[in-house]
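Take a look at the letters that make up each chain.
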Amino acid sequence: MKDIYAVVIRYFLLMFLMLLITGVWLLLLHSSLTLESFTNYYVQKTIFGLLEVVTPHLFAMGTAVFILTHFLSLNKKNSSYENKLTLTLFSSMLLSNLSVFFISEQSTWIIWIKLISTLLFLILSLLTIYKVFFRTYSVK
Amino acid sequence: MQFLDKAKELDKNPLLKKLILFLVITLLLYLGLDIVLHHQQIGLTFTSASNTILGNEEEFLDPILFDVLLEHVHANILSSMITLLLLTTIYIRLKAESKQRLIHLSFSTAILSQVILLLTTTLPLLINIWIVVFLLWHLSAFILGFIIIGKLLK
């Protein structure tokens, strides 16, 4: 039983990693790796254009991050480090999604919040994947 | 997903049994419609898939844009991940002597089908393989679903 769960969890981690890779790939395709192109991508969008991007991401990222982080809670007592990791991961995900609504021609500096929160989300996701991967699971 | 942990106590909880049954039926419905949608959007025959992915000069068809294909794959990874995670978790809980082979087959074909679909833009020969692998992951997920339904209706 224990082994089968580990198999399923590892496949999930691989697919989560693929989600991150394709997500970053899409972000890079939509911009030409310059700060200006990143800013223009969001500034040129209407509010409904932004909603079209943010709405499915809020649902998908919220669900995927919940599933990923809940694997940390399956075993024994959680450390405060894991609690902080989970909270920061969720916060960076929300900040990364919601900051795009505040990027305008007058406030282009907000693109830094978007980029830093996205980068933080990626790093913390990889860290969580690493932590879940090396966990052992006790199934009742 | 705590309710999945209680799957062993299904005989004592008929409502939970019905809930899981409807969840699995919904997932099977999704899988069936996903095949129809892919047949419509990309094509599940070599000619139609090749026309969509690579375009066709004789029929004045443009190839699909790479970022559109990548977006498609990005969304498909999420849906296949959640579908298989739910199906396999219920399957393991219901069948104590679960066969790992079916779980490996469903996950590995689902992952491969996404990777192969991206590679078809540069390696057209892979289109046939993508169709087979795509149908295989759906078939294995269907088998998982039907085994669960069989177990629940026993």
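Please read these numbers as outputs of a predicted model, since none were measured by experiment.

J.: Even after reading the chapter, I still don't get the overall build of chain B, so can you show me in this structure?
T.: The secondary structure content of chain B amounts to six helices and zero strands. Helices and strands in chain B line up, N terminus first, as α-α-α-α-α-α. With respect to the principal axes defined by its C-alpha atoms, chain B has extents near 65 × 25 × 25 Å. Buried residues in chain B amount to 47% of all 154 residues. When contacts within chain B are restricted to residue pairs at least 6 apart in sequence, long-range pairs at least 24 apart make up 70% of them.

J.: Would you take a moment to explain the overall build of chain A for this structure?
T.: Looking only at helices and strands, chain A features five helices and zero strands. The linear arrangement of helices and strands in chain A, starting from the amino end, is α-α-α-α-α. Its C-alpha atoms give chain A principal-axis dimensions of about 55 × 30 × 25 Å. Expressed as a percentage of the 140 residues in chain A, the buried residues total 44%. If you sum the accessible surface of chain A, you get close to 7900 Å²; carbon and sulfur atoms cover 71% of it.

J.: Sorry if this is basic, but what is going on with the UniProt feature "transmembrane region" (unreviewed entry) in chain B here?
T.: Residue and element names in this part refer to chain B. If you check UniProt for "transmembrane region" (unreviewed entry), the listed places come out as residues 20-37, 73-92, 104-123 and 129-153 in our numbering. Regarding residues 73-92, the helix share stands at 100% and the strand share at 0%, and the terminal C-alpha atoms are separated by 27 Å. As a span, residues 104-123 carries 80% helix and 0% strand, and end to end its C-alpha atoms are 26 Å apart.

J.: What am I meant to see in helix 4 (residues 66-94) of chain B here?
T.: Given 3.6 residues per turn, any residue in an α-helix points the same way as the ones three and four places further on. The terminal C-alpha atoms of helix 4 of chain B, which comprises 29 residues, lie 41 Å apart, in line with the 42 Å expected from a rise of 1.5 Å per residue. A large share of helix 4 of chain B lies buried, amounting to 22 of its 29 residues.

J.: Can you help me understand the environment of Ser 80 of chain A in this one?
T.: All names here are of chain A. Along the chain, Ser 80 turns up in helix 4 (residues 80-98). Given a relative accessible area of 46%, Ser 80 falls into the partly exposed group. C-alpha separation for the pair Ser 80 and Val 7, spaced 73 residues apart in sequence, amounts to 27 Å.

J.: Looking at this model, I keep getting lost on the packing of aromatic side chains. Mind explaining?
T.: Both the distance between ring centres and the angle between the ring planes are used here to describe each pair of aromatic rings. This model, assessed by the stated rule, comprises nine aromatic pairs over all chains. Both rings, one in Trp 25 of chain A and one in Phe 66 of chain B, keep their centres 5.4 Å apart while their planes meet at 50°; by these two values the pair is tilted. With Trp 25 of chain A in helix 1 (residues 2-29) and Phe 66 of chain B in helix 4, this residue pair bridges two chains. Summarising the aromatic geometry, the rings of Trp 130 of chain B and Phe 134 of chain B are spaced 5.4 Å apart at their centres and angled 35° between planes, so their arrangement reads as tilted. Remark: Phe 134 of chain B and Trp 130 of chain B occur in helix 6 (residues 126-153); sequence separation between them is four residues, near one turn of the helix. For the pair formed by Trp 130 of chain B and Phe 134 of chain B, the shared burial category is buried.

J.: Any chance you could explain the UniProt feature "transmembrane region" (unreviewed entry) in chain A here in plain terms?
T.: All names here are of chain A. Taking the numbering used here, the UniProt-annotated feature "transmembrane region" (unreviewed entry) corresponds to residues 12-33, 53-73, 85-103 and 109-130. The span residues 12-33 carries 82% helix and 0% strand; its end-to-end C-alpha distance comes to 30 Å. In residues 109-130, helix accounts for 95% and strand for 0%; the two terminal C-alpha atoms are 32 Å from one another.

Criteria and thresholds
Starting afresh in each chain, residues are numbered from 1 along the sequence in its written order. As a convention, the first chain written is A and the first ligand written is 1, with the rest following in written order. Two thresholds apply to this predicted model, a pLDDT of at least 70 for residue-level local features and 80 or more for giving and counting side-chain atom pairs, whereas whole-chain, interface and lining totals are computed over all residues. The basis for every side-chain value is the complete set of heavy atoms in the structure, and neither hydrogens nor water enter the calculation. Helix and strand labels come from DSSP, where a helix needs a run of H or I of at least four residues and a strand needs a run of E of at least two; each type is numbered from the N terminus. Relative accessibility thresholds used throughout: buried, under 20% of the residue-type maximum; exposed, over 50%; partly exposed, between the two (1.4 Å probe, protein chains only). The contact criterion used throughout is that any non-hydrogen atoms of two residues lie within 4.5 Å. Note that accessible areas follow from Shrake-Rupley with a 1.4 Å probe, and for residues the cover is restricted to the protein chains shown. UniProt positions are given in the numbering used here, feature names are shortened, and annotations may be inferred rather than shown by experiment. Helix span, as expected, comes to 1.5 Å for every residue beyond the first. For this analysis, a ring pair means two rings from Phe, Tyr or Trp (six-membered ring only for Trp) whose centres lie within 6.5 Å, classed as stacked if their planes differ by under 30 degrees, edge-to-face if by over 60, and tilted for the remaining angles.

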